[in-house]
Amino acid sequence: KLGFPVLIKASAGGGGKGMRIVKSGKGLEQQMKSAISEAKSSFGNGSVFIEKYITSPRHIEIQVLADRHGNVVHLFERECSIQRRYQKVIEEAPSTVLTPEMRAKMGADAVKITRACGYSGAGTVEFLYENAHYYFLEMNTRLQVEHSVTEFITGVDIVKEQIKIARGDKLSFKQEDLSIKGHSVEARIYAEDPCNSFFPDVGVLEVYRRPHGPGVRVDDGYEEGMEIPIYYDPLISKLITHGSSRKEALARMINAINEYIISGVETTLPFCKFVFEHPAFISGNFDTHFINKYF
């Protein structure tokens, strides 16, 4: 009924595991078996579902906060369309593609979804967007890596609010109290080799020097001399910048990347600089196929 292409997805987890694009009925059975097998090995659960595959989507998500007293707000959207292996590499807030009317509509729908499942805490409602239409993707019932850009544009400490909600406090603000202040971008700095299909690179951080300056934030878990092991996700840090405009946020990001010195392992720093300087990204005219198209 959906028509091809379709997307097979694992129901027990994400990150591209147990996910297969099927372009015709001919490959459906084999791809289904493959997706089930990978889902079972990754999550211990082989359940999968099928949805319509959107050919040129943008990945847009809405941050929500809900307390235990029935109060729910959204903290606007994040654009997460620059991805490799269905995993995000670069995020920004707000999105360049949404009108104020569409932003309000998506935010209201995210709040409705949050209320409908009786959720409390910090969460993210994710959508795929194409040609002024959007489609519900999933809800992440946790704090996400890219929450930092939302903190920059709203001034809300999401971690603090999550803890206050967990201890039973009411939200201290309403939807009308929130507004977007400037623009923020984030680069995930992985120990990966972008020129080798983003293959993880392990080793010791021989030199590790963080950038500094106005509107620059580094969230990391490593120090110079520490080892990047093979056992975990190879994320070294998140580099986030904020400015009064998108242009200023991007300029600060380029400066920060130039100042960020990491040696001993290959990293995604050069790739991130490539993206931030690319005409398609600067123009805001891109989708989740950016890497396949341009890199």
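To start, this report covers the structure provided alongside it. (Residues numbered from 1 in each chain as written. Predicted model: local features only at pLDDT ≥ 70, side-chain atom pairs only at ≥ 80, totals over all residues. Heavy atoms only, no water.)

Moving on to the pattern of salt bridges. Inspection of the entire model under this criterion finds 23 salt bridges. Arg20 is the salt-bridge partner of Glu38, the closest N and O atoms lying 2.7 Å from each other. Placement of the pair is Glu38 in helix α1 (residues 28-43) and Arg20 in strand β2 (residues 20-22), with a sequence separation of 18 residues. On the basis of relative accessibility, which here comes to 23%, the residue Glu38 falls in the partly exposed class. The class for Arg20 is buried, based on a relative accessible area of 19%. Salt-bridge contacts for Glu192 lead to Arg84; the nearest nitrogen and oxygen are separated by 2.9 Å. Placement of the pair is Glu192 in strand β10 (residues 192-193) and Arg84 in strand β5 (residues 72-84), with a sequence separation of 108 residues. The exposure classification of Glu192 matches that of Arg84, with both residues buried. Sharing partners across several salt bridges, the network here consists of Glu61, Arg78, Lys88, Glu91, Glu126, Glu146 and Arg188. (Salt bridge = Lys/Arg side-chain N within 4 Å of Asp/Glu carboxyl O. Helix = DSSP H or I, 4+ residues; strand = E, 2+ residues; numbered from the N terminus. Buried < 20%, exposed > 50% of the residue type's maximum accessible area, 1.4 Å probe, protein only.)

What follows is about a nonpolar patch on the surface. The grouping of Val202, Ile230, Tyr231 and Tyr232 at the surface amounts to a nonpolar patch, some 540 Å² of accessible area in total. Position of Tyr232 among the secondary structure elements: in the loop between β15 (227-228) and β16 (235-243). (Patch = residues over 30% accessible without salt bridge, like charges linked within 9 Å, V, L, I, M, F, W, Y side chains within 5 Å. Areas by Shrake-Rupley, 256 points an atom, 1.4 Å probe, with all protein chains shown as cover.)

On to the sheet that holds strand β3 (residues 48-52), then. What the 3 strands build is an open sheet, ordered β2-β1-β3; its pairing is antiparallel. The sheet terminates laterally at β2 and β3, the two strands that pair on one side only. Strand-to-strand twist in this sheet, taken as the mean axis angle between neighbours without regard to direction, amounts to 25°. One ladder, built from 5 bridges, connects strand β1 (residues 6-10) with β3; its direction is antiparallel. Within the sheet, the bridge partner assigned to Val6 lies in β3 and is Lys52. (Pairing = 2+ DSSP bridges. Axes fitted to C-alpha atoms, helices over the stretch in contact; angles between N-to-C directions.)

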